[in-house]
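So you can see what is in the structure, the chains are spelled out below.
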Amino acid sequence: MKGHIQQRGKNSWRLKFDAGRDEKTGRRKTQFHTFRGTKRQAQVKLAELIASVAQDKYVEPSKITVGDFVTDRVDQWEARGDITARTAARYRELIENQIVPHIGVKHLQKLRTLDIEEWHAALRNGGRADGKGGLAPRTIGHAHRVLDKAFREAVKNELVVKNVVVNQSAPKVASDEEMVIVRDIPAFIEALRGHRLYVPAMIGLFTGMRIGEVLALNWSRLDLNRKVIEVRSALEQTKAHGIRIKAPKTKAGRRDITLPDVLVTALREFRTKQMELWFKLGGGRIPNDALLFANVDGSLPSQKAYSKAWSEFAAKIDMPDLTFHCLRHSHASQLIDAGVDIVTISKRLGHASPTVTLEVYAHMFKNDDSKAAAAINAALSR
């Protein structure tokens, strides 16, 4: 392959080289590259470019920005069905608030690992969308993973030579400090009793179901005689599609969860009150496909409205950091403290594998290995 160097200024050079053939037309392609430095450095750079073409590692220059590329990838992932509409909405929030304001205008091919390090620092010190301080490591990690996923596809599609995101790790999350859980269960139940969120919260606390799964529950999926809830759907609320019911995003999400007596009692009482309300409204018997938490007119409940109501309740009981999702963490904590095996916990939570469960809750497992020693002693005694 041939190349040529032409001086443009005192320390500026125009590198011209053969970049192979165009896949569509079959014609030879000539590329130009501007380089600043000494003539010797320009010669070395030209040799590198020619070598990269010979090794099929050359990437044609592109002016696409980080923000445009990541946004386009999210659109494609949603269109392909790789991610749900809700996940896509969350990714777009991260792009709009955490990626675009800091590195969005940078050219995709010019982003460097040092830029990623500086981006993380900027988010830690002042990354909140409202301008009131920095972001938690967990949120930075979410934005980092979206960018990493996009760059992996950029490498696959030969838009960049390497993934510079993977070389800079996201900030570590101190899970034991950031994960808020309910520790005094009896006191919490008493604080909840009589509140309109009592039953949804009891389900979340004693089954580990996500709020979308709770709100999508209908009476046909609830067998109080067998003490089982069948999780087969989830409610999703996005700007693009509004409120809708969809299937769980993974096969593991379809699961049967056994119920403790305290929850069975709460659900029986709730069903009795619902039946009385249906009769007063002239509806007769409750249809099997009726949602437990539908609006009075039978329409789908708003997840955002429930989340807002929950935030108000949490603030009222002086636990402002306790989100509804924290009830899921609290349930996992109950199971771990009770010595339930990780496989059972994973299935109950609807995780794709026990590995996922361990990644989230590993810090909750005590470092006491006395049970292992006791098991060995028992085996030897037999």
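All of the points below concern the structure found in this document. Worth saying up front: this structure is predicted, and the values here are computed from it rather than measured. (Residues numbered from 1 in each chain as written. Predicted model: local features only at pLDDT ≥ 70, side-chain atom pairs only at ≥ 80, totals over all residues. Heavy atoms only, no water.)

**A short note on the pairing of strand β6 (residues 234-238)**
Step number 1: Burial analysis of β6 places five of its five residues in the buried class, which makes it a mostly covered element.
Step number 2: Where β6 and strand β7 (residues 242-246) come together, five bridges link them in antiparallel fashion. The partner of T238 across the bridge, within β7, is G242. (Buried < 20%, exposed > 50% of the residue type's maximum accessible area, 1.4 Å probe, protein only. Helix = DSSP H or I, 4+ residues; strand = E, 2+ residues; numbered from the N terminus. Pairing = 2+ DSSP bridges.)

**With respect to the packing of aromatic side chains**
Step number 1: Going through the model one piece at a time under the given rule, you end up with six aromatic pairs.
Step number 2: With centroids separated by 6.0 Å and ring planes inclined at 25 degrees, the aromatic side chains of W219 and F270 adopt a geometry described as stacked. Taken together, the residues W219 in the loop between α9 (211-215) and β4 (222-223) and F270 in helix α10 (residues 261-280) connect sequence positions 51 residues apart.
Step number 3: Taking relative accessible area as the criterion, W219 reaches 5% and is therefore assigned buried.
Step number 4: Between R196 and the ring centre of Y306, over which it is positioned, the NZ or CZ distance is 5.8 Å. (Phe/Tyr/Trp six-rings, centres within 6.5 Å; stacked < 30°, edge-to-face > 60°. Lys NZ or Arg CZ within 6 Å of the ring centre and 35° of its normal.)

**Re the nonpolar core**
Step number 1: Of all hydrophobic cores here, the largest spans 45 residues; its most connected members are F188, I203, L267, F293 and W310.
Step number 2: Only α7 (185-192), α8 (198-207), α9, β5 (228-231), α10, α11 (303-316) and α12 (325-337) provide two or more residues apiece to this core.
Step number 3: Counting residues per element, this core draws most heavily on α8, which supplies seven residues.
Step number 4: Discounting chain neighbours no more than four positions away, the residues touching F188 are V182, L205, W310, F313, I317, L322 and L327.
Step number 5: Counting 28 residues, the second-largest nonpolar core is a separate cluster that includes V74, L111, I116 and L123. (Core = buried A, V, L, I, M, F, W, Y, C linked by side-chain atoms within 4.5 Å. Contact = heavy atoms within 4.5 Å.)

**Details of the packing of helix α13 (residues 342-349) against helix α14 (residues 354-361)**
Step number 1: Viewed as axis vectors pointing N to C, α13 and α14 meet at an angle of 95 degrees, and their least axial separation amounts to 8 Å. In terms of orientation, α13 lies roughly perpendicular with respect to α14. Contact residues: α13 offers I342, V343, I345, S346 and L349, while α14 offers P354, T357, L358 and Y361.
Step number 2: Class assignment for the residues of the contact of α13 with α14 results in seven nonpolar, two polar and no charged. (Axes fitted to C-alpha atoms, helices over the stretch in contact; angles between N-to-C directions. Parallel < 35°, antiparallel > 145°, perpendicular 65-115°, else oblique. Nonpolar A, V, L, I, M, F, W, Y, C, P; charged D, E, K, R; others polar.)

**So, the packing of helix α3 (residues 85-103) against helix α5 (residues 137-156)**
Step number 1: Running from N to C, α3 and α5 point in directions that differ by 90 degrees, and their axes come no closer than 10 Å. Classed by the angle they form, the pair α3 and α5 counts as roughly perpendicular. Note on element contacts: α5 touches α3 through T139, H142, A143, V146 and L147, opposite R90, Y91, L94, Q98, I99 and I103.
Step number 2: By residue class, the composition of the contact of α3 with α5 is seven nonpolar, three polar and one charged.

**Side note on the sheet that holds β4**
Step number 1: Here we have three strands laid out as an open sheet, ordered β4-β5-β8, and antiparallel in their pairing. Both outer strands of the open sheet, β4 and β8 (255-258), are each paired with one neighbouring strand and no more.
Step number 2: Pairing between β4 and β5: two bridges, direction antiparallel. Looking across to β5, one finds that L222 is bridged to I229.

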